[in-house]
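Residue-level structural notes
Residues per chain, in single letters:
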Amino acid sequence: MATLHPVDRAADRRSGVPAIATQGLTKDYGSVLALDSLDVTVGTGVTGLVGANGAGKSTLIKILLGLLDPTAGSAQVLGHDIATEGAEIRARVGYMPEHECLPPDVSASDFVVHMAQMSGLPHAAARERAADVLRHVGLAEERYRPMGGYSTGMKQRAKLAQALAHDPRLVLLDEPTNGLDPASRDDMLELVRRIGHDFGIAVLVTSHLLGELERVSDHVVVLDGGRLLRASATTDFLDTTGTLLVEVLGGATERDLLGRALHDAGFPSRPRGNVVAVEPPAPGDTRNVHDMIRDTAVDLGLGLVRIQPDHHRIEDIFREEVAGAVQPH
Ligand SMILES: Nc1ncnc2c1ncn2[C@@H]1O[C@H](COP(=O)(O)OP(=O)(O)OP(=O)(O)O)[C@@H](O)[C@H]1O
Ligand SMILES: [Mg+2]
């Protein structure tokens, strides 16, 4: 993407400050404590902010943008204090709101040009920038049509384009996959991944579906009832389960031949898709499961393609941790 905005991105990047940092951030709406003394740090790359409905995701984003005041605590965005440097923050941060915000009678092209001009770009540069971002989000063809006639997928893309209009250093994407069918959801997630990885823009993306964020996020922050449940690298969520997934040449016959042989040898095995999932040996069984698999395949005359560790899915871990958090200990 062309860098058109006067913000010195190189200076921002050199400084090494976190994209977002909060200290004791609290939001009390009166009837609901939406954020409860939240301490969290978000770096570069793509960070998934996950949590059930009402966990406080949108409240956090609105406070970071200066759209809401916190009840207590402090926060910095790209090193700028939310209490005193709102203008600096908004110049460097793009926001894709959760709810629909598009004027129905305006075309995506006019809307994104307008948003780019609002952030200080001259008209010609704004037009160029709008054409660029609309092409990136896949709205090149339809960009002159009024947005009222857009499908949900097209509206989400237009919302994403306006968030990118001023070449931000950080984008806050609130539920970008909301309302999308599985194919459009995948396309949107791929766009989110590209924004973070190919364009070097820090991304905070929310979802209540944890499974979809594990594919695109470098880090995951889990909120539960306004509190931080967990924050870690996505790979740390994906601890190995101990199960091995084994693929052999051929089809279901070969797969099942190996699975049955391993099962008979005392390694509980089940077919899973085109692979065999092999459980670790029982406690006290000192046999090496890797050697066992290799020897069994050789004995059966099967071509071994790969043996790889199975991983937990974020969703499973989240369910376990939430269950753990609400159970009396
Ligand atoms: N303006 C408001 N006034 C009172 N309560 C509010 C207000 N906005 C949000 N809340 C409450 O604060 C809590 C957190 O809401 P928030 O919208 O931040 O959650 P969320 O994680 O974004 O949820 P969702 O996944 O449904 O978008 C909820 O209990 C919500 O009902
Ligand atoms: Mg929300």
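I will try to describe carefully the structure that is included in this document. (Residues numbered from 1 in each chain as written. Chains lettered and ligands numbered in written order. Predicted model: local features only at pLDDT ≥ 70, side-chain atom pairs only at ≥ 80, totals over all residues. Heavy atoms only, no water.)

Check the secondary structure of the chain and you find 12 helices and 14 strands. Per-residue burial for the chain yields a buried fraction of 46% across its 329 residues. Long-range pairs, those at least 24 residues apart, make up 69% of the contacts in the chain between residues at least 6 apart in sequence. With the model as given, the accessible surface of the chain reaches about 15400 Å², and the carbon-plus-sulfur share is 51%. (Helix = DSSP H or I, 4+ residues; strand = E, 2+ residues; numbered from the N terminus. Buried < 20%, exposed > 50% of the residue type's maximum accessible area, 1.4 Å probe, protein only. Contact = heavy atoms within 4.5 Å. Areas by Shrake-Rupley, 256 points an atom, 1.4 Å probe, with all protein chains shown as cover.)

Here we come to the coordination of the magnesium ion (ligand 2). Each protein donor to the magnesium ion (ligand 2) is listed here as Ser58 (OG) and Glu98 (OE); together their distances run 2.0 to 2.5 Å. Separated by 40 residues along the polypeptide, serine 58 in helix H2 (residues 57-64) and glutamate 98 in the loop between strand E6 (93-96) and helix H4 (108-118) bring together distant segments of the chain. Among the residues examined, glutamate 98 registers a relative accessible area of 22% and is labelled partly exposed. (Donors = N, O, S within 2.8 Å, 3.2 Å for Na, K, Ca; no water.)

Before going further, it helps to spend a moment on the pattern of salt bridges. Under the definition given, this model contains 14 salt bridges. Where aspartate 285 meets arginine 287, a salt bridge forms, and the shortest distance between an N and an O atom there is 2.9 Å. Residue aspartate 285 is classed as partly exposed on the basis of its relative accessible area, which comes to 26%. What makes arginine 287 partly exposed here is its relative accessible area of 35%. One salt bridge in this structure joins arginine 294 and aspartate 291, with 3.4 Å as the shortest N-O distance. In this pair, arginine 294 and aspartate 291 are both assigned in helix H11 (residues 289-300), 3 residues apart and thus about one turn of the helix distant. Looking at arginine 294, the relative accessible area reads 44%, which means it is partly exposed. (Salt bridge = Lys/Arg side-chain N within 4 Å of Asp/Glu carboxyl O.)

Moving on, we get to the pairing of strand E1 (residues 20-28). Counting buried positions along E1 yields 7 of 9 residues, so the element is predominantly enclosed. Looking at chain direction, E1 and strand E2 (residues 33-42) are connected through 6 bridges and run antiparallel. Its bridge partner lying in E2, threonine 22 is registered against valine 40. What sits between the antiparallel neighbours E1 and E2 is a turn of 4 residues, in which glycine 30 has the positive phi angle 105°. (Pairing = 2+ DSSP bridges.)

So, about the sheet that holds E2. If you trace the 4 strands from one edge of the open sheet to the other, you get E2-E1-E4-E5, paired in antiparallel fashion. If you trace the sheet from one side to the other, it starts and ends with E2 and strand E5 (80-81), each paired once. Of the pairings in the sheet, the one linking strand E4 (residues 72-77) to E5 comprises 2 bridges and is antiparallel in character. Across the sheet, glutamine 76 pairs through a bridge with aspartate 81, a residue of E5.

Among the structural elements, serine 107 can be located in the loop between E6 and H4. Residues in contact with serine 107, not counting those within four places in the same chain, are Arg143, Tyr144, Arg145, Pro146 and Met147.

All right, on to the site of ligand 1 then. Surveying the vicinity of ligand 1 reveals 13 residues, the closest of which are Gly54, Lys57, Ser58, Thr59 and Glu98. Here an oxygen atom of ligand 1 sits 3.1 Å away from a polar atom, N or O, in the side chain of asparagine 53. One of the side-chain N or O atoms of threonine 59 is found 2.5 Å from an oxygen atom in ligand 1. When isolated, ligand 1 has an accessible area of 630 Å², and the protein chains bury 65% of it. With 3 residues, the single largest contributor to the shell around ligand 1 is H2. Among the residues forming the shell around ligand 1, the class breakdown is 5 nonpolar, 5 polar and 3 charged. (Near = heavy atom within 4 Å. Polar contact = N/O pair within 3.5 Å; in protein donor to acceptor, adjacent residues only side chain to side chain. Nonpolar A, V, L, I, M, F, W, Y, C, P; charged D, E, K, R; others polar.)

Strands sit in the order E6-E7-E8-E3-E9-E10 across an open sheet of 6 strands; the sheet is mixed. Lying at the two open borders of the sheet, with one neighbouring strand each, are E6 and strand E10 (227-233). Each strand of the sheet is rotated relative to its neighbour by a mean of 15°, with strand direction disregarded. Sheet topology note: the strand E3 (residues 46-50)/strand E9 (residues 219-224) ladder contains 4 bridges and is parallel. (Axes fitted to C-alpha atoms, helices over the stretch in contact; angles between N-to-C directions.)

A few words now on helix H7 (residues 182-197). End to end, H7 covers 22 Å across 16 residues, agreeing with the expected 22 Å (1.5 Å per residue, within 8%). Taken together, the buried positions of H7 are Arg185, Met188, Leu189, Leu191, Val192, Ile195 and Gly196. Projection of H7 onto a plane perpendicular to its axis shows the buried side chains occupying an angular sector of 155°, all on one side. For H7, the side-chain oxygen to backbone nitrogen distance between the N-cap and alanine 183 is 3.2 Å, and the N-cap itself is aspartate 181. (Expected span 1.5 Å × (residues − 1). Arc of directions from axis to C-beta.)

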